[in-house]
Amino acid sequence: MGVPDREIFEKAYTRIAPWDIDGPQSVFVAAAPLVVGSVLDAGCGTGENALFFASRGQRVTGVDYLSEPIARAKRKAAERGLAATFLVLNALDLGELPEQFDSAIDSGLFHVFADDDRARYVAALTSVVRPGGKLFLCCFSDAEPGETGPRRITKAELAAAFAPGWTVCSIEPARFQARPDFTEMEFSPGGPHAWFAIFQRQAD
């Protein structure tokens, strides 16, 4: 199956998507000292988070299952003189990558998966993050009122999803930043409520 609602995401990229804030999400900037070594950005979109870590001198690979955001990410990298690898790849197929990473980031991907694909995604991440490596994940929280936008995730659901193969380091309330000119959906003032979680890959 793969990521649901492909048409929704393709439509979003016919213009500027609401999550394209012309910079990295602030939660990843704050966590940057903990994001060490090589970095995988799963569901990288147009690459802002990936390029932030590339600007810090880290080796970064970003993947997205749509070609349009990957093309934009590559253009941004070239324009900014940054070295980063961007690939069109479904995050459920991360095992196809020829390497493992010290760190991985997920900004708004986990919450798009149905339950079955959620388990596949966690397994895929487990295959490409080195034992001892960490995943930094930001997803929609059940604290966000209403039903518009992505599926809401509880703290317990998040912890349970990564119980196989991962240790929970922390799960803390956070906020997503969204474009202020995006008015098609209403979210909480200050940005949609989110969870920012850090998981550590257990030894094999």
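Nothing here was measured: the structure is a model prediction, and the numbers come from that model.

**Student:** Hey, could you run me through the overall build of the chain in this one?
**Tutor:** When you go through the chain residue by residue, the secondary structure sums to six helices and seven strands. Traced from its N-terminal end to its C-terminal end, the chain shows the element sequence α-α-β-α-β-α-β-β-α-β-α-β-β. Taken across its 204 residues, the chain has 51% of its residues classed as buried. In the chain, of all internal contacts separated by at least 6 residues, the share reaching a separation of at least 24 is 74%.

**Student:** Is there a simple way to think about the pattern of salt bridges in this case?
**Tutor:** If charged atoms from side chains of opposite charge come close, those side chains can pair. One pass over the structure, following the stated rule, counts 10 salt bridges. The salt bridge involving glutamate 68 is made with arginine 72; its shortest N-O contact spans 2.8 Å. One end of the pair, glutamate 68, and the other, arginine 72, are both in helix H4 (residues 67-80), four residues apart, so they sit about a helical turn from each other. Given a relative accessible area of 34%, glutamate 68 falls into the partly exposed group. You can call arginine 72 buried: its relative accessible area is 17%. Notably, a salt bridge pairs aspartate 204 with arginine 201, separated by 2.9 Å at the nearest N-O pair. Within the structure, one salt-bridge network assembled from shared partners comprises Asp115, Arg118, Arg151 and Glu157.

**Student:** I keep staring at the sheet that holds strand S6 (residues 166-175) and nothing clicks. Help me out?
**Tutor:** For sheets, the rule is that strands pair by backbone hydrogen bonds, running either parallel or antiparallel. Spatially, seven strands are ordered S3-S2-S1-S4-S5-S7-S6 in an open sheet, and the strand pairing comes out mixed. Each end of this open sheet is capped by a strand with a single partner; those strands are strand S3 (85-88) and S6. Strand-to-strand twist across the sheet, computed as the mean angle between neighbouring axes with direction ignored, equals 15 degrees. Here strand S4 (residues 101-107) runs beside strand S5 (residues 129-140); their pairing, made up of six bridges, is parallel. Note that in S5 the partner of phenylalanine 101 across the bridge is valine 129.

**Student:** Just to check I follow, could you spell out the side chain of serine 188 for this structure?
**Tutor:** Summarising the element assignment, serine 188 is placed in the loop between S6 and strand S7 (193-201). Those residues in contact with serine 188, other than ones at most four positions away along the chain, are Glu144, Pro145, Arg175 and His193.

**Student:** It is not clear to me how the environment of proline 173 should be interpreted in this structure. Could you clarify?
**Tutor:** Structurally, the position occupied by proline 173 is in strand S6. The spatial distance from the C-alpha of proline 173 to the C-alpha of alanine 197 is 8.7 Å, given a sequence separation of 24 residues. Sequence-distant contacts of proline 173, defined by excluding residues within four places in its chain, comprise Ala194 and Trp195.

**Student:** Any chance you could explain the environment of arginine 118 here in plain terms?
**Tutor:** Note that arginine 118 resides in helix H5 (residues 115-128). Residue arginine 118 is classed as buried on the basis of its relative accessible area, which comes to 7%. Separated by 26 residues in the primary sequence, arginine 118 and leucine 92 have C-alpha atoms spaced 8.8 Å apart. Setting aside residues no more than four positions away along its own chain, arginine 118 makes contact with Phe110, Phe113, Arg151, Ile153, Glu157 and Ala161.

**Student:** I'm lost on the packing of aromatic side chains in this one. Help?
**Tutor:** Two aromatic rings are characterised by how far apart their centres lie and by the angle between their planes. In the structure shown here, the tally under the stated rule is seven aromatic pairs. When the ring of phenylalanine 28 is compared with that of phenylalanine 196, the centres are 5.5 Å apart and the planes differ by 85 degrees; the resulting orientation is edge-to-face. In this pair, phenylalanine 28 is assigned in helix H2 (residues 26-31) and phenylalanine 196 in strand S7, connecting sequence segments 168 residues apart. Judged by its relative accessible area of 11%, phenylalanine 196 falls in the buried class. Ring geometry for phenylalanine 162 and tryptophan 166: centres 6.0 Å apart, planes at 90 degrees, overall edge-to-face. Comparing phenylalanine 162 with tryptophan 166, the two get one shared label, buried. Three or more aromatic residues link up through ring pairs in this structure, and these residues are Phe110, Phe162, Trp166 and Phe199.

**Student:** What should I look at first to understand unusual backbone geometry in this one?
**Tutor:** Most of the time, phi is negative for any residue but glycine, and the peptide bond is trans. A positive phi is found at aspartate 22, a non-glycine position, where the angle reads about 60 degrees. Aspartate 22 gets classed as exposed once you look at its relative accessible area, which sits at 62%.

Cut-offs applied
- Residues numbered from 1 in each chain as written.
- Predicted model: local features only at pLDDT ≥ 70, side-chain atom pairs only at ≥ 80, totals over all residues.
- Heavy atoms only, no water.
- Helix = DSSP H or I, 4+ residues; strand = E, 2+ residues; numbered from the N terminus.
- Buried < 20%, exposed > 50% of the residue type's maximum accessible area, 1.4 Å probe, protein only.
- Contact = heavy atoms within 4.5 Å.
- Salt bridge = Lys/Arg side-chain N within 4 Å of Asp/Glu carboxyl O.
- Pairing = 2+ DSSP bridges.
- Axes fitted to C-alpha atoms, helices over the stretch in contact; angles between N-to-C directions.
- Phe/Tyr/Trp six-rings, centres within 6.5 Å; stacked < 30°, edge-to-face > 60°.

No statement about biological role is implied by the geometric values presented.
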